[in-house]
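Reading the structure
The primary structure of each chain is shown beneath.
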Amino acid sequence: MTTTSPLTQDELKTLVGQAALQYVVPGEIVGVGTGSTVNKFIDALAGMKDQIKGAVSSSVASTERLKALGIEVFDANQVESLSVYIDGADEIDGTGNMIKGGGAALTREKIVAALARSFVCIADESKLVQALGQFPLPVEVIPMATHHVARRFEALGAKASVRLKDGAPLVTDNGQHILDVRGLSITDPLGFESDVNQWPGVVTVGVFAHQKASVCLLGTAQGVKTLRY
Ligand code: 5RP
């Protein structure tokens, strides 16, 4: 009898990163997200770099990786629309709503996602949840509003803390800070996103319901599952 050992999370990320290539449209510019799963996609994309025009990137980190592999990176203002945006998620629910921003790139991710006609989420199965909110919700804030925004979350029964890097507040690619919010129950992702987004000082809330996934390529022990929303 042969036994197969389960794939590691890293191997699942590689699988979905490679599977996402089927959504890349030859001759076009592809939207590229941020994170360890997307890094696998970028590495796979290098194999077809001569078939695409280039990429629009959602972070400095992804831009550097794309360029290092010889893929041209366009500014988001240079494109009117994209066929597809490919990115990971911290959580994805049964209808394609997501929490994103674990890599602090949520604002640019939402901008590039908004340019795209479809959002292909690539994730290992640990990211699939019944309801959003177990993962601390990232919220990008203008530093002078940090405490005000944190108090508003506390009024909802949650706890917000400033994300730190090397003992100091992490500074995003946009020069802002991140609040990580624990203890939320997000039962209405669309309404919650709309509501928090208009609090003064909030740059972007990490709920992606207005820009939810169209497709999720989910890495499982049985292989890549395609979930459509
Ligand atoms: C970055 C993100 C990422 O997509 C999210 O954090 C998932 O990352 P990973 O693929 O490393 O698990 O939103 O801001």
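Parameters at a glance
- Residues numbered from 1 in each chain as written.
- Predicted model: local features only at pLDDT ≥ 70, side-chain atom pairs only at ≥ 80, totals over all residues.
- Heavy atoms only, no water.
- Near = heavy atom within 4 Å.
- Polar contact = N/O pair within 3.5 Å; in protein donor to acceptor, adjacent residues only side chain to side chain.
- Areas by Shrake-Rupley, 256 points an atom, 1.4 Å probe, with all protein chains shown as cover.
- Pairing = 2+ DSSP bridges.
- Helix = DSSP H or I, 4+ residues; strand = E, 2+ residues; numbered from the N terminus.
- Axes fitted to C-alpha atoms, helices over the stretch in contact; angles between N-to-C directions.
- Contact = heavy atoms within 4.5 Å.
- Domains from an automatic or database assignment.
- Buried area = accessible area lost by both parts, 1.4 Å probe.
- Salt bridge = Lys/Arg side-chain N within 4 Å of Asp/Glu carboxyl O.
- Buried < 20%, exposed > 50% of the residue type's maximum accessible area, 1.4 Å probe, protein only.
- Right-handed = clockwise from strand over helix to strand, strands pointing away.
- Arc of directions from axis to C-beta.

We now examine the site of the ligand. Among the 17 residues in the neighbourhood of the ligand, the closest are listed as Ser36, Thr37, Asp90, Gly101 and Lys127. At 3.2 Å, a backbone N or O of Thr34 approaches an oxygen atom of the ligand. Contacts to the ligand include Lys100, whose side-chain N or O atom sits 2.9 Å from an oxygen atom. Considering the ligand on its own, with 380 Å² of exposed area, one finds that the protein chains cover 91% of that surface.

Below, the discussion takes up the sheet that holds strand β13 (residues 202-205). Here four strands make up an open sheet; going across it, the order is β9-β12-β8-β13 and the pairing antiparallel. In this open sheet, the two edge strands, each paired with only one partner strand, are β9 (159-162) and β13. Across this sheet, the average inter-strand angle for adjacent strands is 30°, counted without regard to direction. Pairing of strand β8 (residues 137-141) with strand β12 (residues 177-182) involves five bridges; the strand directions are antiparallel. Bridging across to β12, Pro138 finds its partner in Asp180. The strands touched by helix α6 (residues 189-197) are β8 and β13; relative to β13, the strand with the most contacts, the crossing angle is about 165°.

Segmenting the protein chain into domains produces domain 1 (9-129 + 210-228) and domain 2 (137-206). Facing the 17 residues of domain 1 at the interface are 20 residues of domain 2. A buried area of about 1,300 Å², summed over both sides, lies between domain 1 and domain 2, and 51% of it is on carbon and sulfur atoms. The largest per-residue losses of area from domain 1 upon contact with domain 2 belong to Leu106, Lys110 and His210, which jointly make up 38% of the total buried on that side. In this assembly, domain 1 and domain 2 are joined by one salt bridge. The partner of Glu193 in a salt bridge is Lys110, and the shortest N-O contact between them spans 2.6 Å.

Glancing now at the pairing of strand β1 (residues 29-32). Alternating residues of β1 divide into Ile29 and Gly31 and Val30 and Val32, and every residue in both groups is buried. As paired elements, β1 and strand β2 (residues 54-57) share four bridges and run parallel to each other. Across the sheet, Gly31 pairs through a bridge with Val56, a residue of β2. For the handedness criterion, the β-α-β arrangement of β1, helix α2 (residues 36-45) and β2 is classed as right-handed. For β1 and strand β4 (residues 82-87), the ladder comprises two bridges, and the chain directions are parallel. Pairing of Val32 across the sheet is with Ile86, part of β4.

This paragraph deals with helix α5 (residues 146-155). Of the residues making up α5, those classed as buried are Thr146, Val149, Ala150 and Phe153. Down the axis of α5, the sector holding all buried residues measures 100°, keeping them to one side. Away from its buried face by more than 90 degrees, α5 exposes His147, Arg151 and Ala155. Taken together, the buried residues of α5 touch β8, β9, β12, α6 and β13. Gly157 sits one or two positions beyond α5 and adopts a positive phi of about 90°.

By the element assignment, Tyr23 lies in the loop between α1 (9-19) and β1. For the pair Tyr23 and Leu82, spaced 59 residues apart in sequence, the C-alpha separation works out to 12 Å.

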